[in-house]
Amino acid sequence: MTKQHENHRDMNFSHTVLKQSGGSTLLGYIGIDTIIEQMRKKTMKTGFDFNIMVVGPSGLGKSTLVNTLFKSQVSRKSAGWSRDEKIPKTVEIKSVSHVIEEGGVKMKLTVVDTPGFGDQINNDNCWEPISKYINEQFEKFLKEEVNITRKKRIPDTRVHCCLYFIPPTGHSLRQLDVEFMKRLSHSVNIIPVIAKSDTMTVEERQEFKQRVRKELEMNGIEFYPQKEFDDDIEDKSDNDKIREMMPFAVVGSDKEYQVNGKRVLGRKTAWGIIEVENPNHCEFAQLRDFLIRSHLQDLKEVTHNIHYETYRAKRLNDNGGLHPITSNDTQESNL
Amino acid sequence: MGQQKNLDGYVGFASLPNQVYRKSVKRGFEFTLMVVGESGLGKSTLINSLFLTDLYSTEYPGPSHRIKKTVQVEQSKVLIKEGGVQLLLTIVDTPGFGDAVDNSNCWQPIIDHIDSKFEDYLNSESRVNRRQMPDSRIHCCLYFIAPSGHGLKPLDIEFMKRLHEKVNVIPLIAKADTLTPEECQQFKKQIMREIQEHKIKIYEFPETDDEEENRLVKKIKDKLPLAVVGSNTIIEVNGKRVRGRQYPWGVAEVENSDHCDFTILRDMLIRTHMQDLKDVTNNVHYENYRSRKLAAVTYNGVDNNKAKGQLSTKSPLAQMEEERREHVAKMKKMEMEMEQVFEMKVKEKVQKLKDSEAELQRRHEQMKKNLEAQHKELEEKRRVFEDERSNWELQQRLEQQKMEASRTLEKNKKKGKIF
């Protein structure tokens, strides 16, 4: 009897261990799904990094938008620089880091600003410092990865997302915009944004968006979310919907006003109050949801799996094997 | 200086202003306005709003709708009449300014244009026959500043520095409905500070003896640079029809002085200071140009005279002779050109006619060929048909013979001849 029972037990045991590739129904609860909870706990403990870069000529409200996105004073402007700082003669790269916390989750947010971009009389090659910075971050990560004794968690300073601010001329993209996006859409996720969109009426905004989209298509500029990286049908349809709305026409503000008894972020003009989070007024809410609430992790993944891998492959091919660029005191491996 | 004397009776020269007025009205006025700024700042819309005409309409789209690679200077003229007074308005537009990636020297075509207008005027002033002296000098230059909210861009500063001595520069803040009132105030202050820092001489409103006017002028001065919004679409607001821009959060009215400074600009430009702008152009900028030009000529000697126009000390008769000769030469050239054009046109027409004749001939041939082909086809068909018919008849005969043969056989059978 017991033998039979044992056999029976054994058989049961073997059934549950067996994994059929078609996805079999399990005969008992194992607890595989608790892995999500474990991951969540781990993530909450370690926190994660997010690096966002803002590019555009001065005066388009970049810093204000970043502050509005993360609902705190995180931009360079608020870290002690004055409002009427002189325009620098060349493009500079300034980054400011903050740790913000929400719901127990810690995020180390780095905002990289590019003052001086597009502000000079002669803007030739003003994208070069930016391209160099992005590649430098990739290089840093690559070096860490290639080390023999690696750190447990490599600090990630790679730029995950680049918000490109398009001035609301109402006509079309400028030459500078096209040049920049063409050159950088292969090394970083570019999200074009129409700045200060409270300049345009709703019809003007629609027309402008269509024209911008057409020009982006004509020039072969793949902005994030790129069509070629859609994993499945569901992804594709979600991303298609988002791509239809891009570029987002946004308005930023860090001042609050009272509207209909609620306190909202907005801008007060003599003819009305522009509510930043009202989807009828501007598309800030959609941008925020897209950027933070749904695609934040995807941005990091695309940066890591695609842009970084492209850079890495190129570097390894170029050198015929990886040689250390500078010899450090840490041990380097010779692949 | 004469003493001032009091009159004992009414002489009547108080009507002098009226006479001047009537003469001027008959003559009509001219005004040339230049607009400079990056594309997309609403220059064309503002021009349309200022003069309530559609200078740039859908049939004749403004420069902004055309793509250009270099800075161009384009002129459009329009004649507007109001209350019996007619104004020949010339708008000089500068599409492509500040739009390229490298904008160094994008102001050069503009400076060249202004100088060439001055030169034309100088030449026509120096002629003996000065009856028709068209004044195409630029009387005012509206410079559009993008509403960044921070300050002037390097391009703005460079441009204004180079042009403030050649033309009346009036800086404007374009698309001012982007800025809240506080931002606008700060921005204006910042701009004025930078203008003073770089010693840019923008157009200054003259001080008058009239107290009332002085107060108005001071009010305008406080609001410099003027922040404008342009629109020609009419919207209903509280039962009134106003020009404005409709947003989901409200309507920005163009002519409401709380919303923007458009009315101030229009009043200043057209209603009060138009003549002053022309005077300053004539007395200050033009004189600067002229003195510089003449000084250069006398310094460089005689052979520059031929290149730079007749500024020599010839006798008036000789000059007249030269002018007449010039005129005759010009006429001759025009005549030759017209003849050439005429010949060319005639040749074209002859060629066209020849071509169409050849075409017709060809078609005729083609049709004839088709017809013959069809004819042949039909012949062929008929032949085939005849063949068939003869075959069929043959067959019929054969059949008939067969039938006859079988019938006789039957008959014989019946008759019992064959067992």
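Located above this text is the structure these notes cover.
Residues numbered from 1 in each chain as written. Chains lettered and ligands numbered in written order. Predicted model: local features only at pLDDT ≥ 70, side-chain atom pairs only at ≥ 80, totals over all residues. Heavy atoms only, no water.

As a further point, take the overall build of chain B. The helix and strand inventory of chain B stands at 10 helices and nine strands. With respect to the principal axes defined by its C-alpha atoms, chain B has extents near 165 × 70 × 55 Å. At a minimum sequence separation of 6, the contacts of chain B that also span at least 24 residues come to 68%. By element, 52% of the accessible surface of chain B is carried by carbon and sulfur atoms, the whole surface being about 27900 Å². Each charge sign in chain B was given a centre, from 71 positive and 66 negative side chains, and these centres are 6 Å apart. (Helix = DSSP H or I, 4+ residues; strand = E, 2+ residues; numbered from the N terminus. Contact = heavy atoms within 4.5 Å. Areas by Shrake-Rupley, 256 points an atom, 1.4 Å probe, with all protein chains shown as cover. Lys, Arg positive; Asp, Glu negative; His and termini not counted. Charge placed at Lys NZ, Arg CZ, Asp CG, Glu CD.)

Here we come to the side chain of Asp156(A). Residue and element names in this part refer to chain A. With respect to the helices and strands, the residue Asp-156 is situated in the loop between helix H4 (128-146) and strand E4 (161-166). A polar contact of 2.9 Å, which involves the side chain of Asp-156, links it to the side chain of Arg-158. Apart from the residues lying within four places of it in its own chain, the contact partners of Asp-156 are Asp-49, Asn-51 and Phe-141. (Polar contact = N/O pair within 3.5 Å; in protein donor to acceptor, adjacent residues only side chain to side chain.)

What follows is about a positive patch on the surface. There is a patch of like positive charges on the surface, built from Lys41(A), Lys42(A), Lys45(A) and Lys152(A). Of note, Lys42(A) is situated in helix H2 (residues 34-46). (Patch = residues over 30% accessible without salt bridge, like charges linked within 9 Å, V, L, I, M, F, W, Y side chains within 5 Å. Salt bridge = Lys/Arg side-chain N within 4 Å of Asp/Glu carboxyl O.)

On to the environment of Ile200(B), then. When you line up the elements, Ile200(B) lands in the loop between helix H5 (181-197) and helix H6 (211-222). Contacts of Ile200(B), omitting those with residues within four sequence positions, involve Ile157(B), Met160(B), Lys161(B), His164(B) and Ile195(B).

Residue and element names in this part refer to chain B. Pairing of strand E2 (residues 74-82) with strand E3 (residues 85-93) involves nine bridges; the strand directions are antiparallel. Looking at E3, one finds that Glu-74 is bridged to Asp-93. Between E2 and E3, which pair antiparallel in sequence order, lie two residues; one of them, Gly-83, sits at a positive phi of approximately 60 degrees. (Pairing = 2+ DSSP bridges.)

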